[in-house]
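# Overview (structure and organization)
What follows is the residue order along each chain.
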Amino acid sequence: MIFACVALLAGCTDRSFTPVTPEALEIGSPATVFAATTREQEQDGSFGPERTERLSLLELTVSIPPDRRPGRLDFGYGQANPEKQFILAGQKVFNRPDAFTARLREELARQPQGNRELTLFIHGFNSTQTETAYRAAQLAHDIEMPGVLMIYSWPSKGHALGYAYDGDSVVFARDGLENVLLRLGASGIDRLTVVAHSMGSFLLMETLRQIDLQQPGWTSRNLDGVVLISPDLDLDIFRSQVTRLKEVPQPFIVMASEKDNVLNLSRRLRGLQSSERLGQISSAALIADLPVTVIDTSRFSDEAESAHFVAATSPTLLAMIADARNMTNLFEAGGLPLERAFPGIVSYSREYLGIDLAGGAR
C-alpha cells in the first residue's frame, strides 16, 4: 500500500526544467522572490537536484495568474498558460555576494524605515527550485505579506521516490542555510521571520541549533518569528533541538494537522512504533513545557488543496492568517491575544503551555 501511494505521488509530469518566460507578465502580475541555493546549476540555466557547497544567489520574478482562488497553485511547466498557471518570468544570478546584498537592500529601502521586513521560506520534501518560488509567491500574495520575500532552496530530488536523498540533502544543506541566516542577520533588516515547511523544518531547526552552539543567543537576537508548517520532524529530535537554544525566538508557531496524509506515510516509512511527527502531533500537551505555540489546522484540511500544506492552501485559513499578519504590532504590544486571531483552533491553554502569548516565555 505504501509503495502504491508513493508511485501515485510520483506522477508523470516533467518537472526538471522550467523555461524563463518574460512575456507571461503581459497577463500575470509580477512577484519578486530572492533566492539562495546549494543546488548545482545545470547547463540549461536551471538549478537541479545535485548538491554543491557553493552558495548561489538569485533574484527570481514569478508571474501570478489573474482571477485565481486563494490557496490555488497551478505550476507552470514547458508550454504554460499565464492565464491560469504560475510561470517563471525572470531569473538573475548574482556573481558577487555584495551585488546581491545591494539589490536586497534596495528592495528593503522601498519600505518605511523601522518596518523593513524580510520573510525567508524554506521548502520541504519533493520540491524543485522553481516550485519553491511559486509556492512562496503564492503564500505571500494570498496573505498580503508585507516586505521582501526570499527562499532558501536546498537540493531536493524533486521526485516522490527521492525521500532518502532529500533526507540526506537537508543535513548537507545546513552550512548553506547558516551562511544565509548570518548574512541576513547582519543586513540591517528590522524584522526577520523564517517559515519552513515539512522536511525543511528539520533543516531549519538543525541550523538554528548549530548557530546557537557557536553564538549563544543569536537565534533570539536576530529572528523575530519562526513558523513551522506541517513539520516532518521527529518529536524527540525537535525537543532536543529547542532545548539547545539559549532562548527561543517569539513567536514560535507550529502548524499541525492530524489529517496530514503525507506525514502518515513518513511515519510508516520509519516503522509504526516511531515517535510522532511534530506536524501531526496528537496533543499539544506533549510539548507543553516548551515555549512553542501549536495551532491545529485539522478542521481546514477538507477544503484545502493539500492536506500537507493546509496553511497555504485553505482559503479560510489564509484569510485568517492575513488578518493576524496585519495585526502584528498589536501582538507585540500585548493588545491582542492569539486566540482572537485564530478562534477555536489554538490547541492549548496559556496556563498549561506556560507562555505569555504576547510576550514569549515566562
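Every value quoted in this text rests on a predicted model; they were computed, and no experiment measured them.

Each helix and strand in the chain was counted, giving 14 helices and 11 strands. By residue count, 57% of the 362 residues in the chain fall in the buried class. The long-range share in the chain, meaning contacts at least 24 apart out of those at least 6 apart in sequence, stands at 74%. For the chain, the exposed surface amounts to about 15,900 Å²; the carbon and sulfur share of it is 49%.

All right, on to the pattern of salt bridges then. Under the counting rule described, the total for this entry stands at 14 salt bridges. Across the pair E107 and R103 runs a salt bridge whose closest N-O atoms are separated by 3.0 Å. Of this pair, E107 and R103 both sit in helix α2 (residues 97-108), four residues apart, roughly one helical turn. Note that R174 and E206 form a salt bridge whose closest N and O atoms lie 3.2 Å from each other. Taken together, the positions of R174 in helix α5 (residues 174-185) and E206 in helix α6 (residues 199-214) put the pair 32 residues apart, joining distant regions of the chain. Exposure remark for R174: the relative accessible area of 23% places this residue in the partly exposed category. Since its relative accessible area comes to 16%, E206 is described here as buried. Three or more residues joined by partner-sharing salt bridges are found here, namely E59, R103, E106, E107 and R110.

Over the atoms, a rolled probe matching the size of one water molecule traces out where space is still vacant. Taken as a whole and judged by the stated rule, the model has one cavity of 30 Å³ or more. In terms of lining, the largest cavity is formed by L57, F100, T101, L104, M150, V180, R183, L184 and S187. When grouped by side-chain class, the residues that make up the lining of the largest cavity number six nonpolar, two polar and one charged.

Relative to each other, α6 and helix α8 (residues 235-243) sit at 30°, their axes nearing to 9 Å. By the angle between their directions, the pair α6 and α8 is classed as roughly parallel. Note that α6 runs across α8; the crossing there is left-handed. Of the residues in α8, those touching α6 at F202, M205, E206 and R209 are I237, F238, S240, Q241 and V242. Classifying every residue of the contact of α6 with α8 gives five nonpolar, two polar and two charged.

So, on to the sheet that holds strand β7 (residues 225-229). Whether parallel or antiparallel, the strands of a sheet pair through hydrogen bonds between backbone atoms. Overall, mixed pairing links the nine strands, which are arranged β3-β2-β1-β5-β4-β6-β7-β8-β9 in an open sheet. Either end of the sheet is taken by a strand with one partner, and the two such strands are β3 (87-94) and β9 (293-296). Strand-to-strand twist across the sheet, computed as the mean angle between neighbouring axes with direction ignored, equals 20°. When strand β1 (residues 29-41) meets strand β5 (residues 148-153), the two strands line up parallel, connected through four bridges. Within β5, the position partnered with A35 by the bridge is I151.

Cut-offs applied
Residues numbered from 1 in each chain as written. Predicted model: local features only at pLDDT ≥ 70, side-chain atom pairs only at ≥ 80, totals over all residues. Heavy atoms only, no water. Helix = DSSP H or I, 4+ residues; strand = E, 2+ residues; numbered from the N terminus. Buried < 20%, exposed > 50% of the residue type's maximum accessible area, 1.4 Å probe, protein only. Contact = heavy atoms within 4.5 Å. Areas by Shrake-Rupley, 256 points an atom, 1.4 Å probe, with all protein chains shown as cover. Salt bridge = Lys/Arg side-chain N within 4 Å of Asp/Glu carboxyl O. 1 Å grid on protein atoms, 1.4 Å probe; cavity = no way out; pocket = protein on both sides within 12 Å on 5 of 7 lines; lining within 4 Å. Points joined across faces, edges and corners; volume = space filled by probe spheres on them. Nonpolar A, V, L, I, M, F, W, Y, C, P; charged D, E, K, R; others polar. Axes fitted to C-alpha atoms, helices over the stretch in contact; angles between N-to-C directions. Parallel < 35°, antiparallel > 145°, perpendicular 65-115°, else oblique. Left-handed = near helix turned anticlockwise from the far one by under 90°. Pairing = 2+ DSSP bridges.

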